[in-house]
Amino acid sequence: MIEQPEQAVFWNFSPIPNIEESNFNKVLERFYGLGIKGLTKENIQNSLDGRLKDCALPVVVTIKLGTIDQSYIPGIADVKAHIKSLKGRNSYTVETIDHMVKHMDKEQVRYVSFEDLNTRGLTGARNGQSNSKEDTWGIYAYNKGVHFEEKDESFETTRGGSHGIGKIASNAASDLHLMYFANCDEKQEKHLGGTVQLIEHEFEGQCYRSSGYFAKVEQHEGQSKFYPYENEFREVFQKNERGLKIIIPFLRKEFDDENEIIKTICDNFFVSILQGNLEVHVNDHQLTKDTIHTFLGNPRYYEQTLQDMKKVFTPLYFKTYLEQEPKSITVNNGEMDFEFQLYFTYNEAIPKGRVGIVRTIGMKIEDFKVKANATKPFNAVLIGGLKEDKYLKSLENESHTEISSEHIKDAKLKARATRFINNLSKEIAKIIDDEMRKNNPTDEEMDTGDLIYLMESQFKSDLEKAMGSVKIKNGKSILKATTNSQKEKKDKGDQQGTVKTEKTEVKRVPKKTQVGNQSDLDETDEAKETYRVNPNTVERVIIQNTEYLQFLFTANEEMKKVKDCNIMMRIIDGTGEEFEESFSLTENYLQIVDVLKGASCKVTDNKITGVSVQKGLIKLKLNVHQNYNDALKFIYYVEV
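In this text, all values refer to a predicted model and were calculated from it rather than measured experimentally.

A.B. asks: Is there a simple way to think about the overall build of the protein chain in this case?
C.D. replies: Tallying secondary structure elements over the protein chain gives 14 helices and 34 strands in all. A buried classification covers 50% of the 640 residues belonging to the protein chain. When the accessible surface of the protein chain is split by element, carbon and sulfur atoms take 45% of a total near 32000 Å².

The following block contains the structure:
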């Protein structure tokens, strides 16, 4: 057993003239919200960033969860003394301080440690608080918000870190906001440092900053500087091979979860592990390129039924990445093109379509939702090169969980980022549409009459259940209906076997929100009103370059008296939002034929006008433009 060296004060805080800031660092709360997933991802990403450049061996990260005696924790008495002096000035700080005090006297303390191998470790520990760009010890230990940058630009591009605030993630995982880091550099010199994040406070008559450091204070040329201790502490805090070891004592209960650690590793680093660049050992479990499939195939960690994979997609990504040949796609941001490789799987059994965006380091950024395609049956993995990696890095948020334009301040760069993300959706949507066509082939010729007849027969049955009554005002051809759509839906809280009906109304659009130019309506359609059509009354089929539309109001006696109407279309997205001005009939349809009348329809003010209605039935045949996007969804309005 190694005894702790005698030292009057292990932990030091920088003195200040008075207290100005009374809150805890807000980044602590952000990383606390990310939980064990954020902590694990941040520390493994840091280890990958510290990999040896010319080493062919994988980065090995060993994660241990365990219990230690509080007396083993270096300098813990100093930390507890400072915590006792804290005074909360708002409800949040009072609650946090009470939590610290409640947990700081435990004799047995849970901890987690992250130790890496085949990494460089930190450099310049002997220089202490040098403020040199070359001394990574000084940057990591004493400088928040600073990210060390490699001289080799290509190596720097592939590194995950960029914001320099991830180092505080470890403090957020401790009940006392306490963490240590043990370093062994290329000269086999071993040092131990640490940080604690409190609030500005007064201790023994002196005011101090919020951050405390496990460090010695020495004077040089009239200035005080922090220096680390030679590592002669207990085994948990030792690091004997080149690399870095993070130790977090007083581990929060909600972070003490071995299963979540393993899942986080698989979810975020499956590409890096499969490429042989990373191995992670979690207690007695080893995640390597040869074993990772056993974790992905274990129901203890992952849902195994394909139809139920609606929130976590890692087993799908894993299979897609291994089994599919990548497709090349180009995404433009308005300034330049970016080339990506897309591994793509189409399977009708997949319930949710997601794209795993992966950096070249092998770390997944997010489960990207392709606009208007989130429920399509596909799975994909997207990886670019160095140029693409550099751009994705600029779009990442601080916790590396999303690409976004929201954090970009420059208006021009923000607009380019938004365009890039939109274009990424468009390019992948094209591939999804192509795959759907391939997997749903049509014959060269089809008897559409029979098709529509079958649709009509089926629809009549549905319509009888769906349509309600229609009321006509005296002398006016006005459809004013309240339709009860008998949509059967199981109520989980009801007794088994019972069903609950759900009402769906066909609503009249008030005059002030009617589609089209109001003045035109007043002049030419004085007696007409506009009604939103229940989607259940519309059948739509697209065969090659022809779209067939059928409106069935045949169960409605009053609607059967209507002889003609106008029809309007609005695009609707997956959230139900309508886009009134986004779709032009003339730009998307070459010809619109009224099948019942046997004549072409006119388009006026983006409305199909004079459409015949025969006993409540409307049939249209629309020849689409070659650039027509058949993935669009519409809501229809009828003007009578």
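Text resumes after the structure shown.
A.B. asks: Which parts of the structure should I look at to understand the packing of aromatic side chains?
C.D. replies: To describe a pair of aromatic rings, one takes the distance between the centres and the angle between the planes. Evaluated as defined, the whole model comprises 33 aromatic pairs. Here the aromatic rings of Phe344 and Phe378 are separated by 5.6 Å at their centres, their planes lie at 5°, and the arrangement is stacked. Here the residue Phe344 occupies a position in strand 15 (residues 337-346), and Phe378 occupies one in strand 18 (residues 378-384), the gap between them amounting to 34 residues. Just above the ring of Tyr72 sits the side chain of Arg234; from NZ or CZ to the centre is 4.0 Å.

A.B. asks: How should I be thinking about the pairing of strand 33 (residues 617-624) in this particular structure?
C.D. replies: Successive residues of a regular strand alternate their side chains across the two faces of the sheet. Of all the 8 residues making up strand 33, 6 are buried; the element is thus mostly covered by neighbouring parts of the structure. As paired elements, strand 26 (residues 546-552) and strand 33 share 7 bridges and run antiparallel to each other. Across the sheet, residue Gln550 finds its bridge partner in strand 33, namely Lys619. Sheet topology note: the strand 29 (residues 589-594)/strand 33 ladder contains 5 bridges and is antiparallel. Residue pairing in the sheet places Gln591 in a bridge with Asn623 of strand 33.

A.B. asks: Teacher, can you tell me more about the sheet that holds strand 33 here?
C.D. replies: Pairing between the strands of a sheet is mediated by backbone hydrogen bonds and can be parallel or antiparallel. In spatial order, the strands read 25-26-33-29-30; together these 5 strands make up an open sheet with antiparallel pairing. What marks the edges here is a single partner per strand, and that holds for strand 25 (538-543) and strand 30 (599-600). Of the strand pairs in this sheet, strand 29 and strand 30 are connected by 2 bridges, and their pairing is antiparallel. Bridging from a neighbouring strand, Val593 pairs with Ser600 of strand 30.

A.B. asks: Is there a simple way to think about the pattern of salt bridges in this case?
C.D. replies: Where side chains of opposite charge bring their charged atoms close, a pairing between them can arise. Taken as a whole, this structure holds 18 salt bridges when the rule is applied. Among the salt bridges present, the one from Lys327 reaches Glu435, with a minimum N-O distance of 3.5 Å. Of the two residues, Lys327 sits in strand 14 (residues 327-332) while Glu435 sits in helix 11 (residues 411-439), which places them 108 residues apart along the sequence. With a relative accessible area of 29%, Lys327 lands in the partly exposed category. Residue Arg437 pairs with Asp630 through a salt bridge whose shortest N-O separation is 3.2 Å.

A.B. asks: Would you mind going over the sheet that holds strand 16 (residues 354-358) with me for this structure?
C.D. replies: Across the sheet, which stays open at both edges, the 5 strands sit in the order 14-15-18-16-17 with mixed pairing between neighbours. Of all strands in the sheet, those with a lone pairing partner are strand 14 and strand 17 (364-368), marking the two edges. Averaged over all neighbouring strand pairs, the angle between strand axes comes to 25°, with direction disregarded. Across the sheet, helix 9 (residues 314-323) touches strand 15, strand 16, strand 17 and strand 18, and the angle it forms with strand 18 is around 65°.

A.B. asks: Would you mind showing me how to read the packing of helix 10 (residues 386-395) against helix 11 here?
C.D. replies: The relative placement of two packed helices is expressed as an angle between their axes plus a distance between the axes. Contact pair helix 10 / helix 11: the axes reach a minimum separation of 11 Å and the direction vectors enclose 110°. Considering the angle they form, helix 10 stands roughly perpendicular to helix 11. For the crossing formed where helix 10 meets helix 11, the hand is left-handed. Within the contact between the two elements, helix 10 uses Tyr391, Leu392 and Leu395 and helix 11 uses Arg416, Ala417 and Phe420. Within the contact of helix 10 with helix 11, the residues separate by chemical class into 5 nonpolar, no polar and 1 charged.

Analysis parameters
For every chain, the first residue of the written sequence is number 1, and numbering continues from 1 onward in sequence order. The model is predicted, so local features are restricted to residues of pLDDT at least 70 and side-chain atom pairs to those at 80 or more, both for listing and for counting; the totals for chains, interfaces and linings are taken over all residues. As a convention, hydrogens and water are excluded, and side-chain values are obtained from all of the structure's heavy atoms. In this description a helix means any DSSP run of H or I spanning at least four residues, a strand means any run of E spanning at least two, and both kinds are numbered starting from the N terminus. Partly exposed describes any residue whose relative accessible area lies between the buried limit of under 20% and the exposed limit of over 50%, with all areas from a 1.4 Å probe on protein chains only and scaled to the type maximum. In these tables, accessible area is a Shrake-Rupley quantity obtained with a 1.4 Å probe, and a residue counts as shielded only by the protein chains included in the view. Note on aromatic contacts: the rings of Phe and Tyr and the six-membered ring of Trp form a pair at centre separations within 6.5 Å, being stacked when their planes are under 30 degrees apart, edge-to-face when over 60 apart, and tilted otherwise. To sit over a ring, a charge needs its Lys NZ or Arg CZ within 6 Å of the ring centre and within 35 degrees of the ring normal. When DSSP locates at least two bridges between a pair of strands, those strands are taken to pair. Salt bridges are identified by distance alone: a Lys or Arg side-chain nitrogen within 4 Å of an Asp or Glu carboxyl oxygen. Axes here refer to lines fitted to C-alpha atoms; in helices the fit is confined to the stretch in contact. Angles between the N-to-C directions go from 0 to 180 degrees. In what follows, residue pairs with any heavy atoms lying within 4.5 Å of each other are defined as contacts. An angle counts as roughly parallel when it lies under 35 degrees, as roughly antiparallel when it exceeds 145, as roughly perpendicular when it falls between 65 and 115, and as oblique in every other case. By definition, turning the near helix anticlockwise from the far helix through less than a right angle yields a left-handed crossing, and turning it clockwise yields a right-handed one. Residue polarity follows a fixed list, in which Ala, Val, Leu, Ile, Met, Phe, Trp, Tyr, Cys and Pro are nonpolar, Asp, Glu, Lys and Arg are charged, and the others, Gly among them, are polar.

These figures come from the coordinates and say nothing about function on their own.
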